[in-house]
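What follows is the residue order along each chain.
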Amino acid sequence: MSDFMLWLHANYIQPQIDAVEKDEYEFHFHLVENALSPANCVNLKHALEFTAIQAFLLGFRTSEGLTPRTPRRHVVSVKRNGQNAD
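Keep in mind that what you see is a predicted model, and the values were worked out from it rather than measured.

Caption draft 1: Structural detail: a nonpolar patch on the surface. Together, M1, L6 and F50 make up a nonpolar patch on the protein surface, roughly 290 Å² of accessible area in all. Assignment of secondary structure puts M1 in the segment before α1 (3–19).

Caption draft 2: Expanded view of the packing of aromatic side chains. Across all of its chains, the model carries three aromatic pairs by this definition. For the pair F4 and W7, a centre-to-centre distance of 6.0 Å together with 25 degrees between the ring planes defines the contact as stacked. Separated by three residues within a single helix, F4 and W7 lie in helix α1, roughly one turn from each other. Assessed through its relative accessible area of 51%, F4 is described here as exposed. Ring geometry for Y12 against F56: centres 6.1 Å apart, planes inclined by 70 degrees, an arrangement best described as edge-to-face. Of this pair, Y12 sits in helix α1 while F56 sits in helix α3 (residues 38–62), and the two are 44 residues apart along the sequence. On the basis of relative accessibility, which here comes to 27%, the residue F56 falls in the partly exposed class.

Caption draft 3: Seen up close, unusual backbone geometry. Located in the positive-phi region is D23, a residue other than glycine, with phi close to 45 degrees. Considering the arrangement of structural elements, one finds D23 in the loop between α1 and α2 (26–35).

Caption draft 4: Broad picture of the layout of surface pockets. Roughly 520 Å³ of volume is contained in the largest pocket. The wall of the largest pocket is formed by 18 residues, among which Q14, I17, F29, E33 and L48 lie closest to the centre. Contributions of two or more residues to the lining of the largest pocket are made by α1, α2 and α3. The element that contributes the greatest number of residues to the lining of the largest pocket is α3, accounting for eight residues.

Caption draft 5: Focus on the packing of α1 against α3. Axis separation between α1 and α3 bottoms out at 10 Å; the angle between their running directions is 90 degrees. What the angle tells us is that α1 and α3 run roughly perpendicular. On the side of α1, the interface is formed by M5, L6, L8, H9, Y12, I13 and I17, while α3 contributes E49, A52, I53, F56 and L57. Classifying every residue of the contact of α1 with α3 gives 10 nonpolar, one polar and one charged.

What counts and what doesn't
Residues numbered from 1 in each chain as written. Predicted model: local features only at pLDDT ≥ 70, side-chain atom pairs only at ≥ 80, totals over all residues. Heavy atoms only, no water. Patch = residues over 30% accessible without salt bridge, like charges linked within 9 Å, V, L, I, M, F, W, Y side chains within 5 Å. Areas by Shrake-Rupley, 256 points an atom, 1.4 Å probe, with all protein chains shown as cover. Salt bridge = Lys/Arg side-chain N within 4 Å of Asp/Glu carboxyl O. Helix = DSSP H or I, 4+ residues; strand = E, 2+ residues; numbered from the N terminus. Phe/Tyr/Trp six-rings, centres within 6.5 Å; stacked < 30°, edge-to-face > 60°. Buried < 20%, exposed > 50% of the residue type's maximum accessible area, 1.4 Å probe, protein only. 1 Å grid on protein atoms, 1.4 Å probe; cavity = no way out; pocket = protein on both sides within 12 Å on 5 of 7 lines; lining within 4 Å. Points joined across faces, edges and corners; volume = space filled by probe spheres on them. Axes fitted to C-alpha atoms, helices over the stretch in contact; angles between N-to-C directions. Parallel < 35°, antiparallel > 145°, perpendicular 65-115°, else oblique. Contact = heavy atoms within 4.5 Å. Nonpolar A, V, L, I, M, F, W, Y, C, P; charged D, E, K, R; others polar.

Structure, rendered in C-alpha cells:
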C-alpha cells in the first residue's frame, strides 16, 4: 500500500467511516472488539484499513458516490426589439 493511500485512509476515509451512524451494527462491532486479543484487534484494524482503501478505490474508479457533473448551460439568445441580442 502506498504511503499516500495510508495517509488518505487516516485523514479522509477513516474520519468518514467514524462519522457514519452504525445503528444496529454498533453491537456487532463491540462484540468482535471485545472477543479479540489486543494483538488480533491490531490485525483487525489493518484488515479493515485495507478493505476501506480498496472500497474507496473501487468507488473512485467507478465514480460511485460522486455528484454527477452538471451539464453546461445552454445559452439562448434573447430578442430585443425584434433583433437578436448577440
